[in-house]
Amino acid sequence: SETDLEGHLQLARWALEHKLPNQAKETFQKILKINPDHKEARKELGYQWDKGAWKTFEEIQKAKGLVLFRGKWILPSERDLLLALEKQKTLEKELLKKVRKWLGRVGFQSEKVRKEAIEKLAAIDDQYKSTLYIKALTAPRKEKRLFVLGELHRMKEKSAAKEIARRVVWDKDP
């Protein structure tokens, strides 16, 4: 019968033993309708006793001010920071792609293309250009290397010093 607590409890335990989780869950929920404070049913359904009441793990985490983000419970400020960092990384990747594109055109023979590339690069913040400029010091085209050297000097980029010194000492055509 619908009010047979012991019968429902036996059925729920049987369902668990026979690896029938959906049926066990349904039966434990019926037990809670009969007795809302039934300890075994509450525990099997994932409830925890917290501050004088049965609560789900989710309710306890939310009461702590946490949010579920990508499978982990974290503070909202942590989630916001992670999202902001992801957005920043995406923007940086896009900028690096643009720098790579325009830097590749600095060594073009066409004065128009070269001028446009230099203008486009000038519009991008230096912090996004320095790493690629340092890598470009080994470019095969002298025009590109000279442009990059001038830019690194203008930017006073200290991290470029080692590569510049290596080029000066070892390369025949720096």
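Read on for an overview of the structure. (Residues numbered from 1 in each chain as written. Predicted model: local features only at pLDDT ≥ 70, side-chain atom pairs only at ≥ 80, totals over all residues. Heavy atoms only, no water.)

1. Focus: the nonpolar core
Residues Leu103, Leu121, Tyr133, Phe147, Val148 and Leu152 are the most contacted members of the largest nonpolar core, which totals 18 residues. Those elements that provide at least two residues to this core are helix H5 (76-106), helix H6 (111-122), helix H7 (130-135) and helix H8 (142-155). Ignoring anything within four residues of it in the chain, the contact list for Tyr133 reads Val99, Leu103, Leu121, Phe147, Val148, Glu151, Leu152 and Met155. Grouped together as the second largest cluster of nonpolar side chains are nine residues, Ala12, Ile31, Leu32 and Ala41 included. (Core = buried A, V, L, I, M, F, W, Y, C linked by side-chain atoms within 4.5 Å. Buried < 20%, exposed > 50% of the residue type's maximum accessible area, 1.4 Å probe, protein only. Helix = DSSP H or I, 4+ residues; strand = E, 2+ residues; numbered from the N terminus. Contact = heavy atoms within 4.5 Å.)

2. Quick word on unusual backbone geometry
Although it is not a glycine, Lys19 sits at a positive phi angle of roughly 55 degrees. Relative to the elements of secondary structure, Lys19 occurs in the loop between helix H1 (5-17) and helix H2 (21-34). Given the relative accessible area of 71%, Lys19 is considered exposed. One non-glycine residue with positive phi stands out, namely Arg70, at about 55 degrees. Locating Arg70 in the fold gives a position in the loop between strand S3 (67-69) and strand S4 (72-74).

3. A few points about the packing of aromatic side chains
Within this structure, the stated rule accounts for three aromatic pairs. Ring centres of Tyr133 and Phe147 lie 6.0 Å apart, and the angle between their planes is 75 degrees; this geometry places the pair in the edge-to-face category. With Tyr133 in helix H7 and Phe147 in helix H8, the pair connects residues that are 14 residues apart, well separated along the chain. Neither residue differs from the other here; Tyr133 and Phe147 are each classed as buried. Geometry around Tyr47 places Arg42 over its ring, the cationic atom sitting 4.5 Å from the centre. Positioned over the ring face of Trp102 is Arg105, at 5.0 Å from the centre of the ring. (Phe/Tyr/Trp six-rings, centres within 6.5 Å; stacked < 30°, edge-to-face > 60°. Lys NZ or Arg CZ within 6 Å of the ring centre and 35° of its normal.)

4. Remarks on the pairing of strand S1 (residues 47-50)
Alignment of S1 against strand S2 (residues 53-56), held across four bridges, turns out to be antiparallel. In the strand pairing of S2, Asp50 is matched with Ala53. Following S1, the chain reverses through two residues before pairing antiparallel with S2; Lys51 in that reversal takes a positive phi of roughly 50 degrees. (Pairing = 2+ DSSP bridges.)

5. Brief notes about a nonpolar patch on the surface
On the surface, Leu81, Leu82 and Leu85 cluster together into a nonpolar patch covering about 270 Å² of accessible area. Take Leu85: it is sitting in helix H5. Using a relative accessible area of 45% as the deciding quantity, one classes Leu85 as partly exposed. (Patch = residues over 30% accessible without salt bridge, like charges linked within 9 Å, V, L, I, M, F, W, Y side chains within 5 Å. Areas by Shrake-Rupley, 256 points an atom, 1.4 Å probe, with all protein chains shown as cover. Salt bridge = Lys/Arg side-chain N within 4 Å of Asp/Glu carboxyl O.)

6. Re the side chain of Gln61
When you line up the elements, Gln61 lands in helix H4 (residues 57-63). Setting aside chain neighbours within four positions, we find Gln61 in contact with Leu66 and Trp73.

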